[in-house]
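# Fold and geometry: a report
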Amino acid sequence: MWSVVLPVKPFSSAKSRLAAGLGPWRRELAHAFFLDTLRAVRATTGVRTVVVVTSDPLAATQARTMGAAVCPDTPGLGLNAAVRAGAARAAALNPRGPVAVLTADLPGLRPQELAEVLAQALRHRRTFVPDHTGTGTTVLTSLVPAALSPSFGAGSARSHAASGAFSIGPAADSGLRLDVDTPEDLVLATRRGVGSFTTAVLRLREALDPTAGPAHDVAASASS
Ligand SMILES: Nc1nc2c(ncn2[C@@H]2O[C@H](COP(=O)(O)OP(=O)(O)OP(=O)(O)O)[C@@H](O)[C@H]2O)c(=O)[nH]1
Ligand SMILES: C=C(OP(=O)(O)O)C(=O)O
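Thresholds applied
- Residues numbered from 1 in each chain as written.
- Chains lettered and ligands numbered in written order.
- Predicted model: local features only at pLDDT ≥ 70, side-chain atom pairs only at ≥ 80, totals over all residues.
- Heavy atoms only, no water.
- UniProt positions renumbered as here; feature names shortened; annotations may be inferred.
- Helix = DSSP H or I, 4+ residues; strand = E, 2+ residues; numbered from the N terminus.
- Contact = heavy atoms within 4.5 Å.
- Polar contact = N/O pair within 3.5 Å; in protein donor to acceptor, adjacent residues only side chain to side chain.
- Near = heavy atom within 4 Å.
- Areas by Shrake-Rupley, 256 points an atom, 1.4 Å probe, with all protein chains shown as cover.
- 1 Å grid on protein atoms, 1.4 Å probe; cavity = no way out; pocket = protein on both sides within 12 Å on 5 of 7 lines; lining within 4 Å.
- Sits in = over half its atoms within 2 Å of the grid points.
- Nonpolar A, V, L, I, M, F, W, Y, C, P; charged D, E, K, R; others polar.
- Core = buried A, V, L, I, M, F, W, Y, C linked by side-chain atoms within 4.5 Å.
- Buried < 20%, exposed > 50% of the residue type's maximum accessible area, 1.4 Å probe, protein only.
- Points joined across faces, edges and corners; volume = space filled by probe spheres on them.

In the annotation of an unreviewed UniProt entry, the protein chain is listed under the name Phosphoenolpyruvate guanylyltransferase and assigned to Streptomyces fulvorobeus. Regarding the protein chain, the relevant UniProt record gives this comment under Sequence similarities (unreviewed entry): "Belongs to the CofC family." Here is the UniProt Catalytic activity (unreviewed entry) comment for the protein chain, exactly as written: "phosphoenolpyruvate + GTP + H(+) = enolpyruvoyl-2-diphospho-5'-guanosine + diphosphate".

Another aspect to go through is the environment of R42. Positionally, R42 belongs in helix α2 (residues 25-42). Excluding its chain neighbours within four sequence positions, the residues that come into contact with R42 are V50, M66 and G67. Of note is the side chain of R42, whose polar atom sits 2.6 Å from the backbone oxygen of M66.

Moving on, we get to the site of ligand 2. Taken together, R17, L79, G136, T137, F152, G153, S156, D179 and D181 make up the full set of residues adjacent to ligand 2. The contact in question runs from an oxygen atom of ligand 2 to an N or O atom on the backbone of G153, over 2.8 Å. Here an oxygen atom of ligand 2 and a side-chain polar atom of S156 are 2.6 Å apart. Protein chains shield 80% of the accessible area of ligand 2, which is 290 Å² for the free molecule. Among the detected pockets, ligand 2 sits in the largest pocket. Here the residues of the shell around ligand 2 are counted per class, giving two nonpolar, four polar and three charged.

So, on to the nonpolar core. F34, L38, V41, V52, L102, L109 and L176 are the most contacted members of the largest nonpolar core, which has 33 residues in total. Looking at this core, the elements with two or more residues in it are β1 (2-8), α2, β2 (47-54), α3 (57-65), β4 (99-102) and α5 (111-121). Top contributing element to this core by residue count: α2, with six residues. Residues in contact with L38, not counting those within four places in the same chain, are L6, V50, V52, A63, M66 and A68. Counting residues in each nonpolar core, the second largest holds 16 residues, with V53, C71, V83 and A90 among its members.

A separate point is the layout of surface pockets. To find leftover empty space, one rolls a probe the size of a water molecule over the atoms. Considering only enclosed or pocket space, the largest pocket measures out at about 920 Å³ in volume. Taken together, 39 residues form the lining of the largest pocket, with K9, K15, R17, L79 and D105 sitting closest to its centre. Residue composition of the lining of the largest pocket, by class: 15 nonpolar, 15 polar and nine charged.

Right, let's talk about the site of ligand 1 for a bit. Every one of the 16 residues lining ligand 1 counts as a neighbour, but K9, K15, S16, R17 and D73 are closest to it. P7 is positioned with one of its backbone polar atoms (N or O) 3.1 Å from an oxygen atom of ligand 1. Between ligand 1 and the protein, one listed contact pairs a nitrogen atom with a backbone N or O atom of V8 at 3.3 Å. Coverage of ligand 1 by the protein amounts to 83% of the 620 Å² it exposes when considered alone. When atoms are counted within 2 Å of each cavity's grid points, the one that captures over half of ligand 1 is the largest pocket. For the shell around ligand 1, the secondary-structure elements that each account for two or more residues are β1 and α4 (79-93). For the shell around ligand 1, the residue count by class is seven nonpolar, three polar and six charged.

Under the present numbering, the feature "binding site: phosphoenolpyruvate" (unreviewed entry) in UniProt falls on T137, G153 and S156. In three dimensions, the annotated residues from a span of 20 residues occupy one location, with a maximal C-alpha spread of 8.4 Å. When only the residues just named are considered, the largest pocket is lined by T137, G153 and S156. Note on placement: T137 falls in strand β6 (residues 137-142). Among all residues touching T137, those that are not within four sequence positions of it are T103, F128, V129, P130, D131, F152, S156, A157 and H160. Looking at T137, its side chain comes within polar contact range of the side chain of S156, at 2.8 Å. Within the secondary structure, G153 sits in the loop between β6 and α6 (156-162). Classification of G153 as partly exposed rests on a relative accessible area of 43%.

So this is what it looks like as structure tokens:
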């Protein structure tokens, strides 16, 4: 049975690349992406333990409410340090379980998509899932948590492949590959379907902000 680690930056500073099209809604969307990702992970067959690594008090409280353990994040150390801390906590909570790290910006993730990738990942020591652009990484797995060796950051798909991790590639429009970094990513994700937290924020934005168009207009307004 798997442990899943979800690293989550404080919502106030997360998803800066969405600011151009979404202004103050960037923060609410970062929050909603996290909740949709966590809910899908919790509903995935084969996942026993979920560890959320964060220094955000609201994310920590909501993670516990949704049945996850919380590992404190030391601000300033960065994503890979947070992932290593989460993997260590996962190993303590679920000593014989393999570990999967997911970025917490997958609002279209469906539990079945994750279950299928985790089943394939059991056949390899380490695996990764490239994001929909092919350059980043949305999932990194290791049968042995201490051997995870995360290299998240720009060009991480290449780094993970170079370190010997096996690439698992579900369809490019799988919710597991659609990490939302830019307004264009949000358009892609909403066309395919996002979870109810993200849907609610987008509806609220449309209702409250008369200048805001529907989600499919976000990319146009970002580039205008
Ligand atoms: N705990 C923790 N999570 C992080 C950290 N940096 C990034 N993350 C999380 O890692 C995942 C992928 O990060 P990015 O896609 O780079 O997200 P981001 O930093 O919010 O986005 P930008 O500001 O646009 O670069 C998201 O779930 C982030 O919340 C960190 O220092 N600590
Ligand atoms: C940190 C990463 O995410 P992004 O490219 O979405 O910033 C990554 O892909 O390693």
